[in-house]
Amino acid sequence: MSDMQKELIIVLDFGGQYNQLIARRVRECSVYAEVHPYTLSIDKIREMNPKGIIFTGGPNSVYGDEAILCSPEIFELGIPILGICYGSQLMAHMLGGRVETAPVSEYGHTEVKVDKRDDLLFHGVSKETIVWMSHTDYIAQVPAGFEITAHSEVCPVAAMSDPARKFYATQYHPEVVHSKEGQQMLRNFVYEVCGCQGDWKMDSFVKTTIEQLREKIGDGKVLCALSGGVDSSVAAVLLSRAVGKQLTCVFVDHGLLRKDEGDEVEAVFGPEGPYELNFIRVNAQQRYYEKLKGVTEPEEKRKIIGEEFIRVFEEEARKIGAVDFLVQGTIYPDVIESGLGKSAVIKSHHNVGGLPSVVDFKEIVEPLRLLFKDEVRNAGRELGIPEYLVARQPFPGPGLGIRIIGEVTEEKVRIVQEADAIYRKEIQKAGIDNSLGQYFAALSNMRSVGVMGDFRTYDYAVVLRAVNTSDFMTADAAQLPWDLLAKVTNRIVNEVKGVNRVLYDCTGKPPATIELE
Ligand code: XMP
């Protein structure tokens, strides 16, 4: 925890898929929350002195061989606890209640009736409210001291509480948006039950971080790999505010960026821009095209692009000489994901993770490691970074290299850049850019016959993709208005040479992924 705010909520992770979301929702209430594994020791919890603890959901059952339990001492600390889903069953089980396989599992939107309207968790919440359920076990009997505070048609204990000990539990997931008044319940927990005041604010984060960076760096030299994405941009501006020209940003234009993107990054961070820093743009386009010649396999492409990035960066770093600090744009989800869970590698994501070993430096600085993505954007706004950079949609490290199926050529890069620019422009004009999770054009390696004027064509098919997602782990294809798709199609086939067909990708994730490779 940083020392800039006093109030902390600990989210103890029992393997639930919404662990990060719970912390984000708490932070949206202006209270700082951190995710830790359920094995966090009691001494450590005492030392961290949280205002409250939240147990997440999890895939296990509290009474099977697979049960994962926390130390019973946690209930003796005098700290308020909210148990969610598995967390609620764990609380019931460990405090002497009974958990069983539910005769009817509940999954999805469910109406619950609040039985105890004056329960602190339900302040300002309707008598009947829609929540998100996802469970096969349920609490059959509440422990001594607890009262049932809400139920659903098939779940007798949808929520329970023991106000004297400040223990609260919900069988449903208040953190997901489908729980209509879930945010109010979390708010009630942190403010009414835990007594928080709300001291997690972005303006003080920015101010304090700049001061801390100044103190840490002193008169040292700092090196930053700037991609123009949100994280590295915000990290670079924080550093520039803190130590000005002691910072050098290296921006590698690998020729796989979106249309005009290299110039846009240079306009903001280069010598004509508003920030005090040293900016180096490396035009490595041809070098990348050479390396990618004849390569069609997606993982191989990713590997080449990642490795080449390291080589280019290394060469620049060598010219600069030894530095004291290397900046990494690590954000909190990276910290949680690398520290807590393990999941199968579907794609080897490229970021600057490989850099430390190739650059001579003393220490890594990660000024954003406590922030979620939306908080990074807000910090960027605090710092006055232009909205088009701060609100930028995610763009993969390997860039257009993985949006061109098959071999990457300069010609194909041009086609996908032009098509993507038209698509993005039209989506913005339609005013729906902020409501989509991610949208872009890609290039299939399919060529097909068409007719233009009186001539036969044999050209490429562009694929348009737009998805709605809250976490990028799962996504639904967005239902774009037909008029918009027709307009984009018309413009692309007319304006982009080499394209005679436009396809819309209707697949969700899973089974597809968001990017095409
Ligand atoms: P997928 O295609 O795996 O994408 O469904 C999920 C999200 O991750 C982004 N993505 C990447 N980001 N390096 C990145 O920094 C990568 O190699 C990479 N591959 C995919 C993708 O744009 C989407 O937001």
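The structure presented is a predicted model; accordingly, all values stated were derived computationally and were not measured. (Residues numbered from 1 in each chain as written. Predicted model: local features only at pLDDT ≥ 70, side-chain atom pairs only at ≥ 80, totals over all residues. Heavy atoms only, no water.)

Caption draft 1: Structural detail: the pairing of strand E3 (residues 52–55). The side-chain alternation of E3 yields two buried faces, one formed by Gly 52 and Ile 54 and the other by Ile 53 and Phe 55. Note that strand E1 (residues 8–13) and E3 share four bridges and pair parallel. What sits directly across from Ile 9, in E3, is Gly 52. (Buried < 20%, exposed > 50% of the residue type's maximum accessible area, 1.4 Å probe, protein only. Helix = DSSP H or I, 4+ residues; strand = E, 2+ residues; numbered from the N terminus. Pairing = 2+ DSSP bridges.)

Caption draft 2: Highlighting the environment of Pro 398. Tracing the chain through its elements places Pro 398 in the loop between helix H12 (387–390) and helix H13 (410–429). The class of Pro 398 is buried, set by a relative accessible area of 1%. With 239 residues separating them in the primary sequence, Pro 398 and Ala 159 have C-alpha atoms 46 Å apart.

Caption draft 3: Spotlight on the sheet that holds strand E10 (residues 222–225). If you trace the five strands from one edge of the open sheet to the other, you get E12-E11-E10-E13-E14, paired in parallel fashion. Bordering the open sheet on either side are strand E12 (278–283) and strand E14 (363–365), each of which pairs with just one other strand. When strand polarity is set aside, the average angle formed by the axes of neighbouring strands in this sheet is 25°. Alignment of E10 against strand E11 (residues 247–253), held across four bridges, turns out to be parallel. Bridge pairing links Val 222 to Leu 247 in E11. Running at roughly 170° to E14, helix H5 (residues 202–217) makes contact with E10, strand E13 (325–327) and E14 of the sheet. Those strands touched by helix H7 (residues 261–269) are E11 and E12, and its axis lies near 165° from that of E12. (Axes fitted to C-alpha atoms, helices over the stretch in contact; angles between N-to-C directions. Contact = heavy atoms within 4.5 Å.)

Caption draft 4: The environment of Ile 9, seen in detail. Along the chain, Ile 9 falls in strand E1. Sequence spacing of Ile 9 and Ala 466 is 457 residues, and the spatial spacing of their C-alpha atoms is 36 Å. Not counting residues up to four positions away in its chain, the partners in contact with Ile 9 are Val 26, Val 31, Tyr 32, Ala 33, Glu 34, Lys 51, Gly 52, Ile 54, Val 190, Cys 194 and Cys 196.

Caption draft 5: Region of interest: the sheet that holds E3. Read from one edge to the other, the open sheet built from nine strands follows the order E2-E1-E3-E4-E9-E8-E7-E5-E6, with strand pairing classed as mixed. Each end of this open sheet is capped by a strand with a single partner; those strands are strand E2 (32–37) and strand E6 (128–141). Here the average twist between neighbouring strands, direction ignored, is 20°. Contacting E1, E2, E3 and strand E4 (81–84), helix H1 (residues 19–28) crosses the sheet at an angle of about 160° to E2. Strands in contact with helix H4 (residues 182–193) are E1, E3, E4, E6 and strand E9 (167–170); relative to E4, the strand with the most contacts, it is inclined by about 165°.

Caption draft 6: Expanded view of the pattern of salt bridges. Scanning the model with the defined rule gives 38 salt bridges in all. Here Glu 315 and Arg 287 are joined by a salt bridge, their closest N and O atoms 3.0 Å apart. Highlighted residues: Glu 315 in helix H9 (residues 298–320) and Arg 287 in helix H8 (residues 285–292), separated in sequence by 28 residues. Residue classification places Glu 315 among the partly exposed residues on the basis of a relative accessible area of 33%. (Salt bridge = Lys/Arg side-chain N within 4 Å of Asp/Glu carboxyl O.)

Caption draft 7: Representation of H1 within the structure. Across the 10 residues that make up H1, a large majority, eight, are buried. Residues of H1 that are buried: Asn 19, Gln 20, Leu 21, Ile 22, Ala 23, Arg 25, Val 26 and Arg 27.

Caption draft 8: Examining the packing of aromatic side chains more closely. Counting across every chain of the model gives 13 aromatic pairs. Consider the rings of Phe 55 and Phe 75, whose centres lie 6.0 Å apart with planes at 80°: the pair is edge-to-face. One end of the pair, Phe 55, is in strand E3; the other, Phe 75, is in the loop between E3 and E4, with 20 residues separating them in the sequence. The residues Phe 55 and Phe 75 share a single accessibility class, namely buried. Note on Trp 200 and Phe 205: the rings are 5.9 Å apart at their centroids and 70° apart in plane angle, and the pair reads as edge-to-face. Of the residues examined, Phe 205 reaches a relative accessible area of 2% and is grouped as buried. (Phe/Tyr/Trp six-rings, centres within 6.5 Å; stacked < 30°, edge-to-face > 60°.)

Caption draft 9: Structural detail: the packing of H8 against H9. The interhelical angle for the contact between H8 and H9, taken along N-to-C directions, is 145°, at an axis separation of 10 Å. As for how H8 packs across H9, the hand of that crossing is right-handed. Of the residues in H9, those in contact with Arg 287, Tyr 288, Lys 291 and Leu 292 of H8 are Lys 301, Ile 304, Ile 305, Glu 308, Phe 309, Arg 311, Val 312 and Glu 315. Tallied by class, the residues present in the contact of H8 with H9 amount to six nonpolar, no polar and six charged. (Left-handed = near helix turned anticlockwise from the far one by under 90°. Nonpolar A, V, L, I, M, F, W, Y, C, P; charged D, E, K, R; others polar.)

Caption draft 10: View of H13. With 20 residues, H13 should cover 28 Å at 1.5 Å per step; its first-to-last C-alpha distance of 29 Å lies within 8% of that length. Every buried residue of H13 is listed here: Lys 412, Val 413, Ile 415, Val 416, Gln 417, Ala 419, Asp 420, Ile 422, Tyr 423, Arg 424, Glu 426 and Ile 427. In this structure, the buried residues of H13 make contact with H8, strand E15 (438–452), strand E16 (455–468), helix H14 (482–495) and strand E18 (499–504). Downstream of H13 by a residue or two, Gly 431 has a phi angle that is positive, lying close to 75°. (Expected span 1.5 Å × (residues − 1).)

Caption draft 11: Structural detail: the environment of Gly 52. Relative to the assigned elements, Gly 52 resides in strand E3. Overall, Gly 52 belongs to the buried group, its relative accessible area being 0%. Setting aside residues up to four positions removed in sequence, Gly 52 forms contacts with Leu 8, Ile 9, Ile 10, Ile 79, Pro 80 and Cys 194.

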